[in-house]
Amino acid sequence: QVQLVESGGGLVQAGGSLRLSCVASGRTFSRYAMAWFRQAPGKEREFVGAITWRGRTIADSVKGRFTISRDNAKNTVYLQMNSLKPEDTAVYYCAADLGGIATTKVDEYEHWGQGTQVTVSS
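Residues numbered from 1 in each chain as written. Predicted model: local features only at pLDDT ≥ 70, side-chain atom pairs only at ≥ 80, totals over all residues. Heavy atoms only, no water.

### Observations concerning the environment of V91
Spelled out, the test is: Each helix corresponds to a stretch of at least 4 residues labelled H or I by DSSP, and each strand to a stretch of at least 2 residues labelled E; elements are numbered beginning at the N terminus. Residue contacts follow a heavy-atom distance rule, with two residues in contact if any of their heavy atoms lie within 4.5 Å.
Relative to the helices and strands, V91 resides in strand β9 (residues 90-97). Placed 27 residues apart in sequence, V91 and V118 show a C-alpha to C-alpha distance of 6.0 Å. Not counting residues up to four positions away in its chain, the partners in contact with V91 are F37, R38, Q39, G115, T116 and Q117.

Set out below in structure tokens:
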């Protein structure tokens, strides 16, 4: 069983920045596909970005503003969020696929964190 713990959320003004972190348990973290999703009130959970040893991908809605990265020595994946907008307000979730396959689909990820709230004020 893999446990994921997110941190770094908070309240920020539009145009500001936040960096989210997600620490994962497990000895083979470097093999995991790690992803970030977000869910706004009344909306479905949506893909933000994913990263594996092969590379990374980011959603068009945040491209140029958000960056996903990882530090395998720390079992941690990051989401750097710049130029935040009110529409980025959501609960942000970290997810892991132990098989190392990164997709944009919620159902493909077996392990999830508890989420961290990001609120962007206008």
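### Some thoughts on the sheet that holds strand β8 (residues 76-81)
We apply this condition: Strand pairing requires that DSSP identify at least two bridges connecting the strands. To get an axis, a line is fitted to the C-alpha atoms, and for a helix only the part in contact is used. The angle between two axes follows their N-to-C directions and goes from 0 to 180 degrees.
Sheet architecture is open: four strands sit in the order β1-β3-β8-β7, paired in antiparallel fashion. The open sheet terminates on both sides in strands that have one partner only, identified here as β1 (4-7) and β7 (66-71). Strand-to-strand, the axes of this sheet are offset by a mean angle of 15°, without reference to chain direction. Two elements, strand β3 (residues 18-24) and β8, share six bridges in a ladder whose sense is antiparallel. Among the inter-strand pairings, R19 is bridged to a residue of β8, identified as Q80.

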